[in-house]
Amino acid sequence: MAFHHRPDAPELPDFSMLKRLARDQLIYLLEQLPGKKDLFIEADLMSPLDRIASVSILKRGRERHREKHQSAASCTPCTGDMPASKQHEVDKLYKVENKPVLSSSEQLCFLVRPRIKNMRYIANLVNADKLAGRTRKYKVIFSPQKFYACEMVLEEEGIYGDVSCDEWAFSLLPLDVDLLSMELPEFFRDYFLEGDQRWINTVAQALHLLSTLYGPFPNCYGIGRCAKMSHELWRNLEEEEDGETKGRKPEIGHIFLLDRDVDFVTALCSQVVYEGLVDDTFRIKCGSVDFGPEVTSSDRSLKVLLNADDKVFHEIRNEHFSNVFGFLSQKARNLQAQYDRRRGMDIKQMKNFVSQELKGLKQEHRLLSLHIGACESIMKKKTKQNFQELIKTEHALLEGFSIRDSTSYIEEHIDRQVSPIESLRLMCLLSITENGLIPKDYRSLKTQYLQSYGSEHLLTFSNLRRAGLLTEQAPGDTLTAVESKVSKLVTDKAAGKITDAFSSLAKRSNFRAISKKLNLIPRVDGEYDLKVPRDMAYVFSGAYVPLSCRVIEQVLERRSWQGLEEVLRLLNCSELAFTGGTKDDKAPSESLRLILVVFLGGCTFSEISALRFLGREKGFRFIFLTTAITNSARLMEAMSEVKA
Amino acid sequence: MDCYTANWNPLGDSAFYRKYELYSMDWDLKEELRDCLVAAAPYGGPIALLRNPWRKEKPASVRPVLDIYSASGMPLASLPWKSGPVVSLGWSAEEELLCVQEDGVVLVYGLHGDFRRHFSMGNEVLQNRVLDARIFHTEFGSGVAILTGAHRFTLSANVGDLKLRRMPEVPGLQSAPSCWTTLCQDRVAHVLLAVGPDLYLLDHAACSTVTPPGLAPGVSSFLQMAVSFTYRHLALFTDTGYIWMGTASLKEKLCEFNCNIRAPPKQMVWCSRPRSKEKAVVVAWEKRLMVVGDAPESIQFVLDEDSYLVPELDGVRIFSRSTHEFLHEVPVASEEIFKIASMAPGALLLEAQKEYEKESQKADEYLREIQELGQLTQAVQQCIEAAGHEHRPDMQKSLLRAASFGKCFLDRFPPDGFVRMCQDLRVLNAIRDYHIGIPLTYSQYKQLTIQVLLDRLVLRRLYPLAIQICEYLRLPEVQGVSRILAHWACYKVQQKDVSDEDVARAINQKLGDTPGVSYSDIAARAYGCGRTELAIKLLEYEPRSGEQVPLLLKMKRSKLALSKAIESGDTDLVFTVLLHLKNELNRGDFFMTLRNQPMALSLYRQRIEGRVAALQTAADAFYKAKNEFAAKATEDQMRLLRLQRRLEDELGGQFLDLSLHDTVTTLILGGHNKRAEQLARDFRIPDKRLWWLKLTALAALEDWEELEKFSKSKKSPIGYLPFVEICMKQHNKYEAKKYASRVGPEQKVKALLLVGDVAQAADVAIERRNEAELSLVLSHCTGATDGVTADKIQRARAQAQKK
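Treat the numbers as computed from the prediction; the structure is a model and nothing was measured.

1. Some remarks on the side chain of Q451(A)
Alright, step 1. By the element assignment, Q451(A) lies in helix 18 (residues 439–453).
Alright, step 2. Note on Q451(A): relative accessible area 9%, which makes it buried.
Alright, step 3. Aside from chain neighbours lying at most four places away, what touches Q451(A) is S659(B), L660(B), H661(B), F683(B), R684(B), I685(B), P686(B) and R689(B).

Put into structure tokens, the structure is as follows:
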């Protein structure tokens with residue numbers, strides 16, 4: 001029932017190396033400031049840091065033993081033989097927040113993202129010390145990289161000479177065996193809304209790091225402006241340092257870069273695979289989730305690491321939610337059966353059982369009850385929100401029927417003040433699938449929304465419009481109609497030109513056409529059997545194949561963009577799709593079935609599940625690299641101007 | 001009367017000097033004055049003695065004691081000296097004791113031995129130690145002059161506003177000057193010093209040699225020099241026993257005298273009075289006191305005891321272990337009246353009055369004599385004036401009686417002079433009293449003024465006397481009584497052993513609402529002493545909120561401050577507190593505080609106008625950008641903000657920052673249906689939204705009656721299924737059923753299922769022959785109870801399929 005890869009599926013490379021690399025680099029940086037020091041960590045960096053180095057590691061000496069660490073949680077620092085000189089004693093840990101600092105240490109170290117806000121924080125701290133006539137040593141470690149603007153702020157505040165700066169190039173955090181995250185949620189807003197390209201260099205650096213560690217990528221594909229720029233930058237980096245990667249056998253055969261704005265639709269849909277649902281409901285943060293008391297059925301909340309190590313979770317993460325309950329009860333029965341085996345055991349067998357199996361069973365039991373609790377909690381919440389209706393409307397939007405009904409459903413949704421983020425999401429979905437809202441709807445929905453949630457959201461709407469998420473059809477815009485009429489009259493080539501001309505008038509999503517072209521809405525006769533998925537559409541209850549995943553599938557099939565010109569045109573990406581790579585014939589066939597997919601601007605768990613499914617079907621293994629895990633709510637919040 | 005002039009000593013032809021006892025001292029001095037550092041303040045001020053000063057021959061084991069006495073020898077304070085060696089003591093004009101230490105640090109003590117502050121005379125002084133120091137008085141205040149071990153002078157003209165001035169070097173100065181003093185000319189302090197036969201004058205730019213005109217030859221060194229109280233005259237005592245007297249500018253010589261005593265005098269001071277004919281100097285040796293003036297002879301007194309001279313404005317005070325005397329030139333009026341065989345009108349008048357009391361006809365003769373000369377007015381004035389200069393009350397009385405007697409024979413004699421003198425004398429006699437011990441003469445009193453005198457009484461904590469004086473002199477309350485009461489209260493709050501309650505009550509009882517008393521000043525003092533609670537109690541009495549509130553804020557009683565500010569009705573004050581609060585509290589607490597203070601809240605709200613203005617700008621910008629929609633939305637927001645404020649004012653509660661929808665909901669929840677509808681009309685809320693909104697709000701209120709009325713008001717634009725849903729959400733099945741019957745046929749099944757009426761739902765579904773609905777109902781059928789219904793549906797299905 002769970003995902004089992006084909007026996008010939010390639011082995012995944014070992015990404016724990018990335019963790020060790022990052023940890024050693026951090027420790028090296030901390031040792032640059034010898035003696036006791038207080039470490040100030042930015043809130044956003046806390047969880048990632050926790051995944052690679054535990055507090056005790058920071059506080060104590062460097063580990064001499066090179067154990068293989070699967071996760072940070074299992075890190076046990078050894079206190080035995082550590083030379084005094086190699087200490088990187090961190091005395092106290094503080095969170096960077098807007099509160100007065102009561103540190104008494106003589107040395108302060110800041111571990112921060114390169115943000116202006118943080119620079120001001122540090123500057124205030126240093127200047128306050130100066131006023132008080134205190135001299136301390138300050139060190140700022142920027143992660144993943146230093147920006148000139150930050151240094152400028154330090155200079156403006158007159159403390160540039162007082163602090164020393166360093167970079168901690170920690171950009172790749174392995175969240176799971178096949179999932180790397182850059183943990184840069186702000187990438188989405190910075191690039192796709194503000195047009196800020198500063199993170200692209202970080203992406204290129206990360207790709208460069210991967211290629212030095214795991215060999216060159218023989219095949220490279222990409223779509224989107226950001227993907228193209230990252231690719232070019234990365235190429236330049238490779239050329240500067242060439243020779244290093246030469247001669248290495250490639251481990252990963254393909255790399256595919258994809259911009260989030262190529263496919264907003266998938267990200268905007270409600271997720272129904274288990275992992276996605278957990279993310280939508282409880283918010284998975286940096287690979288772990290906080291289950292509240294309603295899940296743990298105790299009075300404490302519990303932080304649970306969600307990855308392949310969790311045997312129960314591993315088996316249900318990619319399942320459609322409707323199957324999960326059945327699976328869990330089956331599992332519970334199995335477990336019971338295993339417990340029951342005790343009866344009729346003799347002493348020796350019993351001893352064996354207790355020493356070998358019982359612990360595993362207990363662990364499994366605990367996890368099982370946790371996930372059952374989570375499922376119940378999800379069910380309860382979803383029933384309350386009339387989830388069925390919502391899904392129905394979403395599907396209607398995706399398939400493009402009874403738009404009127406959907407529109408009034410959204411209107412009602414707003415009127416009833418169900419949830420500001422949900423309403424916004426539905427409006428965006430409507431806009432993208434319909435090439436923008438017709439002016440009348442646009443106005444009325446917007447008015448309704450403002451009346452419900454306050455006029456501050458005027459700015460939110462402006463953001464959404466800039467990002468192309470929620471647009472208005474230009475008045476008298478029947479271009480699509482005209483276009484189709486014209487294209488019937490002339491040859492194909494001319495038609496393409498005309499369409500290009502039209503689409504350049506307004507950046508529009510031509511979702512409907514793409515959907516038809518790529519067969520995103522599977523035709524089903526009768527019920528779609530979610531227990532036995534036939535295609536990637538199962539991640540959305542069989543109603544829709546994720547566009548991003550379909551594009552990847554198509555390109556991998558063809559090994560190029562050939563034959564997809566029409567789709568690219570409709571995606572407004574004709575100029576922005578590329579292929580490249582080192583065309584290495586020596587690449588072992590094993591590697592050719594390993595594919596690295598890079599999502600610039602975030603990917604959803606649904607997409608990951610879909611591609612995992614695809615990989616299983618075709619005998620590939622997909623590796624995911626994303627700027628951050630996202631979902632519809634995160635996307636909308638990034639656009640929202642009203643901060644909670 | 002003949003005995004009266006017995007203590008008069010003539011000096012030259014024109015002047016008499018007299019010495020009379022002020023007090024007999026019963027201070028219990030353990031040591032000789034010569035063993036102590038002594039400082040006595042002018043104007044009858046206190047005396048400070050630092051016993052056991054640092055003498056090389058004495059063991060340092062005994063801790064020296066600093067004693068402060070009043071002029072009558074009443075002990076005021078006594079404290080062991082814990083700091084470093086003291087070189088010199090002196091009193092400032094504010095009657096603060098300045099103790100100059102060897103290291104140049106000056107410690108300042110109050111009259112009662114309370115330490116006030118300290119300051120240093122600079123690094124140079126610290127390095128070279130202090131050799132000698134003088135405290136002097138100028139019109140700017142009190143100054144300190146220091147002679148350092150390096151024979152350099154450093155001085156500060158005003159210790160209140162410390163500015164150190166290092167005087168220029170004296171060329172070739174190898175040893176300490178034999179004597180030196182500070183002069184004050186043209187409002188600048190100078191130093192005059194004598195080295196051997198030379199005199200040097202140091203101002204802050206240069207050092208110049210000066211020679212006194214007409215100085216007798218043969219002088220090889222100056223032993224002593226004295227400057228008069230007013231810095232006008234200078235006297236020099238040379239090693240030949242010669243005394244030169246002249247102006248302080250050293251341009252003019254007044255007189256000279258040769259006393260033939262070569263021993264250096266212990267003290268030499270001027271004894272003169274303003275506008276005096278005679279200039280005289282008092283020179284004191286161990287056993288001898290000599291008054292020297294422009295006369296060949298001098299007046300000599302024998303000193304039985306170790307004495308100390310205090311120069312005063314109009315004489316010299318001399319105190320020793322047992323007595324305290326005053327030596328001065330007899331004032332003109334007294335001289336005229338009491339001189340033996342005086343024929344001055346005053347003398348005659350006094351005589352006439354005496355005769356009159358004896359019922360002798362001589363009285364008439366005397367009077368006639370004066371009147372013949374037309375000098376009666378003069379006589380009366382002389383008597384009044386002479387009375388002022390008398391120390392003994394009986395003499396004052398007899399002189400005043402004479403004046404009063406003479407007045408009877410005068411038409412239109414202005415009485416104020418007489419009245420004022422009576423009053424002044426009464427005050428003077430009161431303060432000269434042994435217990436008070438301020439032996440002021442009439443001229444000193446006039447110079448000092450009553451205000452200063454009152455301050456000094458307050459300083460001595462003689463509040464009752466001060467108040468009595470004020471009342472007696474009928475001083476305006478603000479200057480007099482209430483000022484003293486305020487001082488008293490400030491002193492009172494420092495009494496730590498009395499409970500807050502009692503102190504506050506006592507203060508209020510005394511002060512009442514006397515004008516000019518600032519309770520906040522007293523409270524500030526109490527707060528300064530760390531008695532916050534007392535300060536708050538005292539502030540209760542403060543009628544001016546403007547004074548109350550800032551102090552409360554300072555004491556971190558912001559909430560109290562807020563309510564006080566609001567009580568005051570002073571918006572500015574409220575704003576002050578609000579801004580303060582906003583910085584101090586977190587947002588939540590801030591608003592919670594405001595909630596309890598509607599007035600503050602509404603004021604805070606007025607700041608909305610600022611927001612509206614900003615929105616207006618935004619709207620204008622939107623219009624320029626041709627974004628009609630956004631402009632309109634912004635204008636709506638402006639309207640909404642204004643309206644919300646009005647609602648808050650009229651209805652109370654919180655409306656600000658709610659969205660339109662929430663505003664209407666809040667109105668309905670508050671029972672203001674009319675207003676809600678008005679708002680909906682004004683902002684053109686669509687019907688559908690309004691219905692949803694009203695439905696949810698009314699259900700939340702559980703106002704089923706109103707809900708039913710509303711449902712019947714017209715045909716529902718959202719159908720009746722939502723009614724059923726919402727009622728069920730509030731767990732009111734009864735109401736839900738009412739609406740279920742009104743749901744349209746398409747949704748009827750759903751509604752029936754919602755209220756739990758499966759059987760009827762099945763019927764409707766079968767009737768409608770709708771496959772989807774049938775299965776929906778079927779899924780709701782639970783085994784046991786709905787078995788019949790399930791069968792019914794199955795049958796209906798089978799039938800439908802057959803067809």
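2. Observations concerning the packing of aromatic side chains
Alright, step 1. Inspection of the entire model under this criterion finds 41 aromatic pairs over all chains.
Alright, step 2. Note on F620(A) and F622(A): the rings are 6.3 Å apart at their centroids and 85 degrees apart in plane angle, and the pair reads as edge-to-face.
Alright, step 3. In this structure F620(A) comes out as buried when scored by relative accessible area, which is 19%.
Alright, step 4. The exposure class of F622(A) is buried, given its relative accessible area of 3%.
Alright, step 5. Relative to F710(B), the ring of W691(B) lies with its centre 4.2 Å away and its plane at 35 degrees, an arrangement referred to as tilted. Of this pair, W691(B) sits in helix 23 (residues 687–701) while F710(B) sits in helix 24 (residues 704–713); the two residues are 19 residues apart in sequence, bridging distant segments of the chain.
Alright, step 6. The rings of F187(A), F188(A), Y191(A), F192(A) and F264(A) are connected pair by pair, giving a single aromatic cluster.

3. With respect to helix 3 (residues 345–357) of chain B
Residues and elements named next belong to chain B.
Alright, step 1. Counted at 1.5 Å a residue, the expected span for helix 3 with its 13 residues is 18 Å, and the 18 Å between its end C-alpha atoms agrees.
Alright, step 2. In the core, the buried residues of helix 3 are packed alongside helix 2 (332–338), helix 4 (362–373), helix 5 (376–389) and helix 6 (393–407).
Alright, step 3. Immediately beyond the C-terminal end of helix 3, within one or two residues, lies E359, with a positive phi of roughly 60 degrees.

4. Re the environment of F401(A)
Alright, step 1. Summarising the element assignment, F401(A) is placed in the loop between helix 15 (387–399) and helix 16 (403–415).
Alright, step 2. Those residues within four positions of F401(A) in sequence are excluded, and the remaining contacts are A396(A) and S406(A).

5. Observations concerning the UniProt feature "coiled-coil region" (unreviewed entry) in chain B
Alright, step 1. According to UniProt, the "coiled-coil region" (unreviewed entry) feature falls on residues 349–376 of chain B.
Alright, step 2. With 79% helix and 0% strand, the stretch residues 349–376 of chain B has end C-alpha atoms that lie 8 Å from each other.

6. Looking at the pattern of salt bridges
All names here are of chain A.
Alright, step 1. The tally for this structure, following the rule as stated, stands at 66 salt bridges over all chains.
Alright, step 2. The partner of K130 in a salt bridge is D162, with the nearest N and O atoms 2.9 Å apart. Taken together, the residues K130 in helix 4 (residues 116–131) and D162 in the loop between helix 5 (148–156) and strand 5 (163–167) connect sequence positions 32 residues apart.
Alright, step 3. The exposure class assigned to K130 is partly exposed, which follows from its relative accessible area of 40%.
Alright, step 4. In this structure, the salt-bridge partner of R198 is D190, at a minimum N-O distance of 3.3 Å.
Alright, step 5. Residue classification places R198 among the partly exposed residues on the basis of a relative accessible area of 30%.
Alright, step 6. Of the residues examined, D190 reaches a relative accessible area of 11% and is grouped as buried.

Rules used in this analysis
- Residues numbered from 1 in each chain as written.
- Chains lettered and ligands numbered in written order.
- Predicted model: local features only at pLDDT ≥ 70, side-chain atom pairs only at ≥ 80, totals over all residues.
- Heavy atoms only, no water.
- Helix = DSSP H or I, 4+ residues; strand = E, 2+ residues; numbered from the N terminus.
- Buried < 20%, exposed > 50% of the residue type's maximum accessible area, 1.4 Å probe, protein only.
- Contact = heavy atoms within 4.5 Å.
- Phe/Tyr/Trp six-rings, centres within 6.5 Å; stacked < 30°, edge-to-face > 60°.
- Expected span 1.5 Å × (residues − 1).
- UniProt positions renumbered as here; feature names shortened; annotations may be inferred.
- Salt bridge = Lys/Arg side-chain N within 4 Å of Asp/Glu carboxyl O.

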